[in-house]
Amino acid sequence: MAEILKGNVVAAKIKEDMIERIKKLEANGTYPTLGIVRLGDNASDVSYEKSIIKNCDAIGIQSKVFEKETSMTTEELIAFMEELNNDKEISGILMFRPLPKHIDEEKIRNAISPSKDVDCMHPLNLEKIFEGDMTGFSPATPKAAMEILLYNEIPLEGKNVVVVNRSMVVGKPLVMMLLEKNATVTICHSRTKNLDEVTRNADVVVTALGKPKFFTEKFFTKDSIVIDVGVSMTEDGKLSGDVDYENVVNLVDKVTPVPGGVGSVTTTLLLNQVVMACENN
Ligand code: NAP
C-alpha cells in the first residue's frame with residue numbers, strides 16, 4: 001500500500017511558523033487583515049468565504065467581507081479596488097472569481113495593488129513566477145502541491161515530473177515552480193496522445209483535470225508518486241479527486257488523498273500570504 005501524503009501535517013507546519021510571525025507583528029501594533037471581496041451570494045463563494053474566515057479566526061488573522069452587487073460596473077469595481085488598495089487596515093485582498101460576465105476581469109486583475117495581491121492575480125506577480133523568482137505571492141493551489149512535495153522531501157532535481165493541466169491557476173505556474181527545483185517537466189492536456197504512457201514514465205505525476213476517478217491503475221507504476229489536485233463530485237454526490245484512489249493506493253509508491261491532500265494546504269498558504277503582505281507593507 002502507498003504512503004499517504006496528507007495535507008494537514010504540511011498545513012500545521014506552515015501555521016506554526018505563521019503564529020510566531022503574527023505575534024511579532026501584533027507586538028508592533030500591526031494586525032494582518034484579509035479583505036474579501038464578493039460580488040453577489042453564489043453558494044460556493046459563501047461557503048469558501050466561511051471556511052476562510054474560520055481559518056483566519058483560528059490563527060489570529062482578521063478578516064473583513066465586502067459584499068457587492070453583481071450589477072456593479074467594471075469602473076465601479078476598479079474604484080472600489082483603489083479604496084481597498086489605499087486602506088491601511090487591509091493587508092491583503094482576495095476577490096472571488098469568476099466575476100460576472102459583464103465585468104472586464106483583466107482590468108480588475110490590473111487594478112489590485114501588487115503588494116496586496118495575496119491570491120496572485122496581478123500580471124506582475126505572475127510574471128515574477130514565470131521569471132523563476134518565487135519570493136513573491138504565488139497562486140495557492142500549485143504552491144500547495146509544491147509544499148507537499150518539499151515537506152515529504154521528494155527529490156525533484158533531474159526527476160521526470162508530468163503535470164496534467166495547462167491552466168494559469170494550476171498547471172503553468174506549477175511548471176515554473178518545478179523548473180526552479182530543476183525537475184524535467186512535461187505538461188499534458190486534453191490533446192495529449194497516449195497519456196497513460198506519458199504518466200507511467202514519470203517519477204511524479206500531478207493531476208488537475210476535475211474528472212472524478214479518471215486516473216486508474218493503468219496510468220501508474222509501483223514507483224509513481226501521485227499528487228492529486230483535482231476536486232469534483234462523483235455521480236453519487238461524493239467528493240473525489242482525479243485519481244481512482246481506492247485502487248491506485250494499492251499500486252503506487254506515494255499518493256495524496258482527496259479530501260485531505262492538496263486542498264487542505266491551499267487556504268493556509270493564502271493566509272500565509274496575508275501575513276507576508278502585512279510584513280512587507
Ligand atoms: P481547467 O481550467 O478546466 O483545467 C483542466 C485541465 O485538464 C486543462 O488543461 C485540460 O486540458 C485538462 N484536461 C481535461 N480533460 C483532459 C483529458 N481527458 N486528458 C488530459 N487532460 C485533460 O481547471 P482548473 O481551474 O485548472 O482546475 C483543475 C482542477 O483542479 C479542478 O478539479 C479544480 O476543482 C481543481 N482545483 C483544486 C484546488 C485545490 O485547492 N485542491 C484549487 C483550484 C482548482 P485543455 O487545456 O486542453 O482543456
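**Q** Can you help me understand helix α3 (residues 74–86) in this one?
**A** Because an α-helix completes one turn every 3.6 residues, residues spaced three or four positions apart along the sequence face the same direction. Look at α3: 19 Å from first C-alpha to last across 13 residues, which is about the 18 Å you get at 1.5 Å a residue. Taken together, the buried positions of α3 are T74, L77, F80, M81, L84 and N85. Looking down the long axis of α3, one finds its buried residues gathered within 145 degrees of arc, a one-sided arrangement. Exposed and facing more than 90 degrees away from the buried side of α3 are E75, E83 and N86. Contacts made by the buried residues of α3 are with β2 (33–39), β3 (62–68), β4 (92–95) and α4 (105–111).

**Q** Help me out: how do you make sense of the packing of helix α6 (residues 140–151) against helix α7 (residues 171–180) in this one?
**A** Each pair of packed helices can be described by the angle between their axes along with the distance between the axes. Two elements in contact, α6 and α7, have axes separated by 9 Å at closest approach and are oriented at 35 degrees. Crossing hand, α6 versus α7: right-handed. In contact with P142, K143, A145, M146 and L149 of α6, α7 contributes P173, L174, M177 and L178.

**Q** Would you mind going over a positive patch on the surface with me for this structure?
**A** A cluster of like positive charges, contributed by R166, K172, R191 and K193, occupies part of the molecular surface. Following the sequence through the fold, R191 ends up in the loop between β6 (184–188) and α8 (195–200).

Calculation notes
Residues numbered from 1 in each chain as written. Predicted model: local features only at pLDDT ≥ 70, side-chain atom pairs only at ≥ 80, totals over all residues. Heavy atoms only, no water. Helix = DSSP H or I, 4+ residues; strand = E, 2+ residues; numbered from the N terminus. Expected span 1.5 Å × (residues − 1). Buried < 20%, exposed > 50% of the residue type's maximum accessible area, 1.4 Å probe, protein only. Arc of directions from axis to C-beta. Contact = heavy atoms within 4.5 Å. Axes fitted to C-alpha atoms, helices over the stretch in contact; angles between N-to-C directions. Left-handed = near helix turned anticlockwise from the far one by under 90°. Patch = residues over 30% accessible without salt bridge, like charges linked within 9 Å, V, L, I, M, F, W, Y side chains within 5 Å. Areas by Shrake-Rupley, 256 points an atom, 1.4 Å probe, with all protein chains shown as cover. Salt bridge = Lys/Arg side-chain N within 4 Å of Asp/Glu carboxyl O. Lys, Arg positive; Asp, Glu negative; His and termini not counted. Charge placed at Lys NZ, Arg CZ, Asp CG, Glu CD.

Spatial relationships are all this shows, so hold off on functional conclusions.
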